[in-house]
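As a plain string of letters, each chain reads:
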Amino acid sequence: MFNSLVFNMKQVLFVPLLLLLPLLAFSADTKVYIVYFGEHSGEKALHEIEEDHHSYLFSVKKTEEEARASLLYSYKNIFNGFAASLTPEEAAKLSEKEEVVLVIESQPDKYSLQTTRSWEFSGVEETKAWSFVKNKGDNLLLKSKYGKDVIIGILDSGVWPESKSFSDEAMGPIPESWKGICQTGDNFTTKHCNRKIIGARYYLKGYQKFYGTLNRTLDYQSPRDKDGHGSHTASTAAGRVVPKVSALGGFAYGTASGGAPLARLAIYKVCWPIPKKGKEEGNTCTEIDMLAAMDDAVADGVHVISLSIGTQKPVAYDQDALAIGALHAAKKNIVVSCSAGNSGPSPATLSNPAPWVITVGASSLDRSFIAPVILGNGMKVEGQTVTPYKLKRKMYPLVHAAQVLDHSFDPKNSTAMQCLPGSLSPQKARGKIVFCLRGNGTRIGKGLEVKRVGAAGYILGNSPANGAELAVDCHVLPATAVTSEDAIKISKYINSTKNPTAYIVRAVTKLYSKPAPYMAAFTSRGPNVISPDILKPDITAPGLNILAAWTEGNSPTKLESDTRVVKYNILSGTSMSCPHVAGVAALLRAAHPSWSNAAIRSAIMTSAGLLNNEGRLITDASQITLADPFQYGSGHFRPELAADPGLVYDATHKDYLLFLCASGLKVVDPVYKCPKNPPATYNLNYPSLAIPNLNGTKIVKRTVTNVGGSKGVYFVRVNPPIGYSVKVFPPVLVFSHVGQQKSFTITVKANKKKAEKSGDYSFGWYTWTDGFHIVRSPMAVSSA
């Protein structure tokens, strides 16, 4: 867990932290804190709220000038609160005030970004639906008018407005509901906003408080994107239909499109480069900047927020500013789509676990970029890459990285095969193909090291944890990546002969690859350690090797030494899957404007698929072992079916507050008073079910709302987790009109003779069907 300090006099939980504050106060250095009051009363104007915040600061500062200078952000729309520079002693004094709910110390490295064909594969494009997804409803694009006039807020690294993906050609006037602005700055004027990018802002106060003044050679002090990530996610969610595009080298050639091509985009730049670190190593997004962006997004009038941002480890709700902000956004009926994180394949690693957001895992497409390796013994090993470079047609000496190490590196070290910066010897490696392994360092960085020493080419072998997942890269030399199984074959070949040789064939794009989808190894997994009664992630969507728009202010690899410029680029991560779901949420909001954000999440979850394009159950990255709901949630999203889910599991803001009450967090909203006996957390009306540490029997309640035909009769089917019995009552639900609600109970009982050992989870499903709609919910159960 992060070491954020959280202060709250209303809970005994925080008393030990308060006792530490006098000791910390001896430091004269200020830190950044978020002071949270909860919901606005609605009685004060915006300028009055800010004056209130100044008065609180003046109560702990020596002068009014110091108080005003210390205020970084005043949060006036999403909730009542502010961010300020405070000493620990001042923070402690504020936390003692009765009206202050939480005081959270902001950490600079807490949050980071989680870093085409995907929509056709998912069955959204008109041209061709996913071959094994039977379309039972109307075309979602047509029904939603391509997401017309739905506004998607993108919190990321900015946007490259000149990209054709952000053209406003033939788009209608900006919706009257829009209240935002087009903020100007470096190389960004009001002309860079249009009827597609209807607003743009940037947020630097938190970043500059931690890292100092922005180095404007590294990034633009404006909404303009000099990283690439923000343009990529924005175009994935809502980019226009652009024909004849490809990545560098002509790979993935075809038509690029976002999920909701006529939706509007509001850009909120909150992520920036970390000084003295390469952009390829990632960037940072401070929570106070993100909260300011969410605060503006709510006031601006967005309908959907896409957040390809997360933590490296799970964070408790009262320490997670994004979770608190998203809770208040959900109250405004804004759908918030979040990345599950890239910390897989280890269990219990996912970020953004709150039940009021959609948490998205990452899986593959049915497209590959085949670049085989021909070994000297005639063996052909299939690899993948999108490097545009090719070798002369001859065999090259092939070596392990450990065989060409610089003399200062120990060949017996565990990193000897990983081609880390400065590790290889030019004298030993020149003219050879170097075989490296994944592990420490970046994939692109390993290739750069191989090029530095004058090698001819580079083969990157997966570790067992990465399995058969191949994330392709635009390397700076001829290169390819191979699965862990094939890496073993290549290694054995090198060891079997005195003069091993190899040749890397230039890659070609291959469509309809099988099996697809499979889960990406990097996608973070459950169980949910913050709320074990909530199964997360919720859904999986394409996140491996995704083509989308790119900045022309950065290279495709983000390496400083790489001078190449591209308009579209291929990236992998839950950062890529998150905007896929945001795009679908925009389509559903357009098609069903009366639906709540919880209903939209439910429709996406209960309509998800469990089969790949071979008709078999989805596997993990090994393409052998079956995946489970801790990887894919309810399954792989199927947007067309989500448009007509039949039944939805709805929830209100009050339901989430009751959930927090039952979780022991009774002061997130001070206006709301928790009942003495709130419903158990497992009774939150969620479209999935998790029961940890079951001892005996547990009865869970759920309620569904009919959004299908005016009349319907639904029967339940149960596939119980191994070792448990599951009974649903009543087993039949009869609906007489749209909007009618019906409740049922799920009784789960552990079978002591057959249940898994303590702590191990078993998975199952319960499904409501009327013969037309299939409303499926996953279950995860462990025994005590």
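To keep things clear, this report deals only with the structure shown in the data block. Sequence order as written defines the numbering, with residues in each chain counted from 1. For a predicted model such as this one, the threshold for reporting local features is a pLDDT of at least 70, and the threshold for listing and counting side-chain atom pairs is 80 or more; totals across whole chains, interfaces and linings nevertheless cover every residue. The side-chain figures draw on all heavy atoms in the structure; neither hydrogens nor water molecules are used.

With respect to the nonpolar core
Proteins that are soluble and globular tend to have nonpolar side chains buried together.
Point 1. Residues enter a nonpolar core if they are buried and are Ala, Val, Leu, Ile, Met, Phe, Trp, Tyr or Cys, with the set joined through side-chain atoms within 4.5 Å. Summary of the burial criterion: residues with accessible area below 20% of their type's maximum are buried, those above 50% are exposed, and those between are partly exposed, where the area comes from a 1.4 Å probe applied to protein chains only. Ranked by size, the top nonpolar core spans 67 residues in total, and within it L155, I309 and W356 carry the most contacts.
Point 2. The contact criterion used is simple: two residues touch if any of their non-hydrogen atoms lie within 4.5 Å. Contact partners of W356, with chain neighbours within four places excluded, come to Y317, A323, A326, L327, A330, R601, Y656, F659 and L660.
Point 3. Among the nonpolar cores identified, the runner-up in size contains 59 residues, and F251, I267, V304 and A591 belong to it.

Focus on helix 8 (residues 229-238)
Point 1. The helix and strand labels rest on DSSP assignments: H or I over at least four residues marks a helix, E over at least two residues marks a strand, and numbering proceeds from the N terminus. The buried fraction of helix 8 is high, at ten of ten residues.
Point 2. Of all the positions in helix 8, only H229, G230, S231, H232, T233, A234, S235, T236, A237 and A238 are classed as buried.

Brief notes about the sheet that holds strand 34 (residues 724-729)
Point 1. Should DSSP find at least two bridges between two strands, the strands are regarded as paired. Here we have four strands laid out as an open sheet, ordered 30-32-36-34, and antiparallel in their pairing. Of all strands in the sheet, those with a lone pairing partner are strand 30 (647-648) and strand 34, marking the two edges.
Point 2. As defined by bridge partners, strand 30 adjoins strand 32 (residues 697-706) across two bridges and the pair is classed as antiparallel. Looking across to strand 32, one finds that V648 is bridged to T705.

Quick word on the sheet that holds strand 11 (residues 264-269)
Point 1. As summarised here, the arrangement of the seven strands in space is 8-11-7-14-16-17-27, forming an open sheet in which the pairing is parallel. On the outer flanks of this sheet lie strand 8 (197-202) and strand 27 (539-542), each paired with one strand and no other. Along the sheet, successive strands turn relative to each other by an average axial angle of 25°, direction set aside.
Point 2. Looking at chain direction, strand 17 (residues 358-363) and strand 27 are connected through four bridges and run parallel. Each bridged residue has a counterpart across the sheet, and for G361 the counterpart in strand 27 is T540. Axis definition: a line fitted to C-alpha atoms, over the contacting stretch in the case of helices. Angles run 0 to 180 degrees between N-to-C directions.

Points about the environment of K510
Point 1. Within the fold, K510 resides in strand 26 (residues 508-511).
Point 2. In this structure K510 comes out as partly exposed when scored by relative accessible area, which is 41%.
Point 3. A C-alpha to C-alpha distance of 9.6 Å links K510 and F251, two positions 259 residues apart in sequence.
Point 4. Not counting residues within four places of it along the chain, the set of residues in contact with K510 comprises D366, R367, S368 and I370.

Things to note about the pairing of strand 18 (residues 367-370)
Point 1. Covered by surrounding structure in strand 18 are R367 and F369 together with S368 and I370, the residues of both alternating faces.
Point 2. Here strand 18 pairs with strand 26 via four bridges, running antiparallel. Paired with I370 across the two strands is V508, which belongs to strand 26.

Focus on the pattern of salt bridges
Between side chains of opposite charge, pairing is possible as soon as their charged atoms come close.
Point 1. Salt bridges are counted wherever a side-chain nitrogen of Lys or Arg sits within 4 Å of a carboxyl oxygen of Asp or Glu. Scanning the entire structure with this criterion turns up 24 salt bridges.
Point 2. For the salt bridge of E64 with R68, the shortest nitrogen-to-oxygen distance reads 3.3 Å. Residue E64 and its partner R68 are located together in helix 3 (residues 64-70), separated by four residues, close to a single helical turn.
Point 3. Look at E64 and you get partly exposed, because its relative accessible area is 41%.
Point 4. Classification of R68 as partly exposed rests on a relative accessible area of 35%.
Point 5. A salt bridge links R452 to E449, with the nearest nitrogen and oxygen atoms 2.7 Å apart.

Quick look at the packing of helix 14 (residues 574-591) against helix 15 (residues 597-606)
A pair of packed helices can be characterised by two numbers: the angle between their axes and the separation between those axes.
Point 1. Closest axis-to-axis distance for the helix 14/helix 15 pair is 10 Å, and the angle between their directions is 115°. Handedness of the crossing formed by helix 14 with helix 15: right-handed. Contacts between helix 14 and helix 15 involve V581, V584, A585, L588 and R589 on the former and, on the latter, N597, I600 and I604.
Point 2. When residues are sorted by character, Ala, Val, Leu, Ile, Met, Phe, Trp, Tyr, Cys and Pro go into the nonpolar class, Asp, Glu, Lys and Arg into the charged class, and all the rest, Gly among them, into the polar class. Split into classes, the residues belonging to the contact of helix 14 with helix 15 amount to six nonpolar, one polar and one charged. Handedness of a crossing follows from how the near helix is turned relative to the far one, being left-handed for an anticlockwise turn of less than a right angle and right-handed for a clockwise one.

Thoughts on unusual backbone geometry
Point 1. The amide bond that connects A516 to the next residue, P517, takes the cis arrangement and shows omega of 0°.
Point 2. Relative to the helices and strands, P517 resides in the loop between strand 26 and strand 27.
Point 3. Here K536 and P537 are connected by a cis peptide whose omega angle stands at 0°.
Point 4. Unlike most non-glycine residues, D149 shows phi in positive territory, near 70°.
Point 5. For D149, a relative accessible area of 28% translates into the label partly exposed.

A short note on helix 10 (residues 321-331)
Count 3.6 residues to each turn of an α-helix, and residues three or four apart come out pointing the same way.
Point 1. Here helix 10 lies mainly inside the structure; ten of its eleven residues are buried.
Point 2. A321, L322, A323, I324, G325, A326, L327, H328, A329 and A330 are the residues of helix 10 that are buried.
Point 3. Positive phi appears at N333, one or two residues downstream of helix 10, with a value of about 65°.

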